[in-house]
Amino acid sequence: MKPFFCLLTLLLLVSCKNTELTLINTGSDPNWLGEPHYEVLVAVLSYNPELRVMFENEMVEELKKEGINAVPSFTVMPKLASLNAATFTKFLDADPTLAVLFAQAKNVQKEQTSSTAEEPNVFSGLFGGGEWDTTFVATMETALYVNGQTDAVWWNRVRLEAQETKVKEVVERYVRNTIKAMKQGGAVSRLK
């Protein structure tokens with residue numbers, strides 16, 4: 001399971017100029033009506049503490065712009081091991097106005113292609129020579145869980161394809177895409 005989280009870290013180390021987000025599916029539970037004034041715990045699985053902080057802070061900031069009270073999980077659950085179903089269930093059972101927005105990467109692939117030829121030498125055949133571009137492709141899943149519901153009340157899955165380099169730009173783009181999908185799916189209005 002650890003390689004999965006390491007790959008999430010690598011996935012988010014990508015450049016915005018060559019980033020593609022393709023919708024796989026999105027939806028929401030039509031029976032979930034929402035409670036007034038939810039407090040949303042934003043959690044992302046990443047073994048890189050700086051990346052977790054960046055992602056969670058960015059999502060919290062965008063949710064607050066929408067009028068939603070949100071808290072990054074690293075402030076109340078600093079240990080990565082605490083980000084699990086049992087902990088989230090205990091958290092949600094504490095109050096009917098609590099929610100968890102959880103993000104993770106699945107099916108991560110890393111592709112490398114040679115982009116710039118190097119002067120031929122005795123080692124170029126052995127090492128491939130030149131400069132290499134790294135592209136990450138993954139299914140990114142984000143889901144919203146609330147008190148009293150076992151399944152997600154809102155979900156979004158996208159295929160993310162990006163080139164390695166600028167972390168912050170990709171996190172910002174992914175967060176904007178998630179907030180847009182939450183608005184379209186009615187999750188934002190039901191959390192307020």
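Reference entry: report on the structure contained in this document. On a predicted model such as this, the values are computed, not experimentally measured, just so you know. (Residues numbered from 1 in each chain as written. Predicted model: local features only at pLDDT ≥ 70, side-chain atom pairs only at ≥ 80, totals over all residues. Heavy atoms only, no water.)

Notes on the overall build of the protein chain
Line of reasoning, step 1. Within the protein chain one finds 6 helices and 6 strands.
Line of reasoning, step 2. Listing each helix as α and each strand as β along the protein chain from the N terminus yields α-β-β-α-β-α-β-α-β-β-α-α.
Line of reasoning, step 3. The burial tally for the protein chain puts 45% of its 192 residues in the buried class.
Line of reasoning, step 4. Look at the contacts in the protein chain between residues 6 or more apart in sequence, and 76% of them connect residues 24 or more apart.
Line of reasoning, step 5. As displayed, the protein chain offers around 10200 Å² of accessible surface, 52% of which is attributable to carbon and sulfur atoms. (Helix = DSSP H or I, 4+ residues; strand = E, 2+ residues; numbered from the N terminus. Buried < 20%, exposed > 50% of the residue type's maximum accessible area, 1.4 Å probe, protein only. Contact = heavy atoms within 4.5 Å. Areas by Shrake-Rupley, 256 points an atom, 1.4 Å probe, with all protein chains shown as cover.)

Quick notes on the packing of aromatic side chains
Line of reasoning, step 1. Evaluation of the coordinates by the stated rule reveals 3 aromatic pairs.
Line of reasoning, step 2. Ring geometry for F55 against Y174: centres 5.9 Å apart, planes inclined by 40°, an arrangement best described as tilted. A residue pair is termed long-range when its members are at least 10 positions apart, and F55 in helix α2 (residues 49–65) and Y174 in helix α5 (residues 167–184) qualify at 119 residues.
Line of reasoning, step 3. Judged by relative accessible area, F55 falls into the buried class, the value being 1%. (Phe/Tyr/Trp six-rings, centres within 6.5 Å; stacked < 30°, edge-to-face > 60°.)

Considerations on α2
Line of reasoning, step 1. If you check α2, its first and last C-alpha atoms are 24 Å apart, about what 17 residues at 1.5 Å a residue would give, namely 24 Å.
Line of reasoning, step 2. Every buried residue of α2 is listed here: L51, R52, F55, E56, E58, M59, V60, E62 and L63. (Expected span 1.5 Å × (residues − 1).)

Side note on the nonpolar core
Line of reasoning, step 1. In this structure, V40, L63, L144, M182 and L191 are the most contacted members of the largest nonpolar core, which totals 35 residues.
Line of reasoning, step 2. Residue assignment for this core shows that the elements contributing at least two residues are β2 (39–44), α2, β4 (98–116), β5 (131–146), β6 (154–164), α5 and α6 (187–191).
Line of reasoning, step 3. Here this core gets 6 residues from one element, more than from any other, and that element is α5.
Line of reasoning, step 4. If sequence neighbours within four positions are ignored, M182 has contacts with L63, L101, W154, A187, V188 and L191.
Line of reasoning, step 5. Listed in part, the 11 residues of the second largest apolar core include L41, A43, L83 and L92. (Core = buried A, V, L, I, M, F, W, Y, C linked by side-chain atoms within 4.5 Å.)

Quick look at the environment of R173
Line of reasoning, step 1. The topology assignment puts R173 in helix α5.
Line of reasoning, step 2. Separated by 154 residues in the primary sequence, R173 and T19 have C-alpha atoms spaced 8.9 Å apart.

What to know about the pairing of β2
Line of reasoning, step 1. Among the 6 residues that make up β2, 5 are buried, leaving the element largely enclosed by the rest of the structure.
Line of reasoning, step 2. Pairing analysis gives 4 bridges linking β2 to strand β3 (residues 69–72), with the strands arranged parallel. What sits directly across from E39, in β3, is N69.
Line of reasoning, step 3. A crossover links β2 with its parallel partner β3, the connecting element being α2, and its sense is right-handed. (Pairing = 2+ DSSP bridges. Right-handed = clockwise from strand over helix to strand, strands pointing away.)

Focus on the pattern of salt bridges
Line of reasoning, step 1. This model, assessed by the stated rule, comprises 6 salt bridges.
Line of reasoning, step 2. The residue K183 makes a salt bridge to E66 at a minimum N-O spacing of 3.0 Å. Taken as a pair, K183 in helix α5 and E66 in the loop between α2 and β3 lie far apart in primary sequence, 117 residues in all.
Line of reasoning, step 3. Accessibility expressed as a relative area gives 45% for K183, which makes it partly exposed.
Line of reasoning, step 4. Overall, E66 belongs to the buried group, its relative accessible area being 19%.
Line of reasoning, step 5. Note that R157 and E141 form a salt bridge whose closest N and O atoms lie 3.6 Å from each other. Highlighted residues: R157 in strand β6 and E141 in strand β5, separated in sequence by 16 residues.
Line of reasoning, step 6. On the accessibility criterion, R157 (31% relative accessible area) is partly exposed.
Line of reasoning, step 7. Each of E61, E62 and K65 takes part in one network of salt bridges that share partners. (Salt bridge = Lys/Arg side-chain N within 4 Å of Asp/Glu carboxyl O.)

In short, geometric facts, not functional conclusions.
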